[in-house]
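Residues per chain are reported as follows:
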Amino acid sequence: VKGGHDASIRAATRLLVRKDPLVLDIVSGFEHVVIDEAQDLVGDRKAFCDALVEALHDGCGVTVLGDPAQAIYGYQVTEAE
């Protein structure tokens, strides 16, 4: 995607939010999703993970791992997030 990594994350998030049939077909096959480094999920990355978890079927497991002592993006968080 033109615009780099962050643009790719935003594009993927839009596909999930819009319930793109091709993307939902892929996601429907997931049995379990592991989200690591949760302490660094801010902005576009958090929005992507939120949209992904929302798109998962009810039987899909989700594990979120994080360590607040290793946070590297905390300075970017605003009160609105």
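Being a predicted model, the structure only gives us computed values, none of them experimental.

Undergrad: Would you explain the pattern of salt bridges in this entry?
TA: Pairing between side chains of opposite charge can happen when the charged atoms of each approach one another. This model, assessed by the stated rule, comprises 3 salt bridges. Taking the shortest distance from any N to any O, the salt bridge between R45 and D6 comes out at 2.9 Å. In this pair, R45 is assigned in helix α3 (residues 43-55) and D6 in helix α1 (residues 5-17), connecting sequence segments 39 residues apart. Accessibility expressed as a relative area gives 29% for R45, which makes it partly exposed. Given the relative accessible area of 33%, D6 is considered partly exposed.

Undergrad: Could you clarify how one ought to interpret the pairing of strand β1 (residues 32-35) in this entry?
TA: Regular strands have side chains that alternate between both faces of the sheet. Taking every second residue as pointing to the same face, the buried face of β1 carries V33 and I35, while none of H32 and V34 on the other face is buried. Inspection of the sheet shows β1 paired to strand β2 (residues 61-64) by 4 bridges, in the parallel sense. Within β2, the position partnered with V33 by the bridge is V62. Between β1 and its parallel partner β2, the chain crosses via α3, and the hand of that crossover is right-handed.

Undergrad: I tried to follow the environment of L65 on my own but got confused; where do I start?
TA: As for its placement among the helices and strands, L65 is situated in the segment after β2. The class of L65 is partly exposed, set by a relative accessible area of 40%. C-alpha of L65 to C-alpha of D36: the two residues are 29 residues apart in sequence and 4.7 Å apart in space. Among all residues touching L65, those that are not within four sequence positions of it are V34, I35, D36, E37 and A38.

Criteria and thresholds
Residues numbered from 1 in each chain as written. Predicted model: local features only at pLDDT ≥ 70, side-chain atom pairs only at ≥ 80, totals over all residues. Heavy atoms only, no water. Salt bridge = Lys/Arg side-chain N within 4 Å of Asp/Glu carboxyl O. Helix = DSSP H or I, 4+ residues; strand = E, 2+ residues; numbered from the N terminus. Buried < 20%, exposed > 50% of the residue type's maximum accessible area, 1.4 Å probe, protein only. Pairing = 2+ DSSP bridges. Right-handed = clockwise from strand over helix to strand, strands pointing away. Contact = heavy atoms within 4.5 Å.

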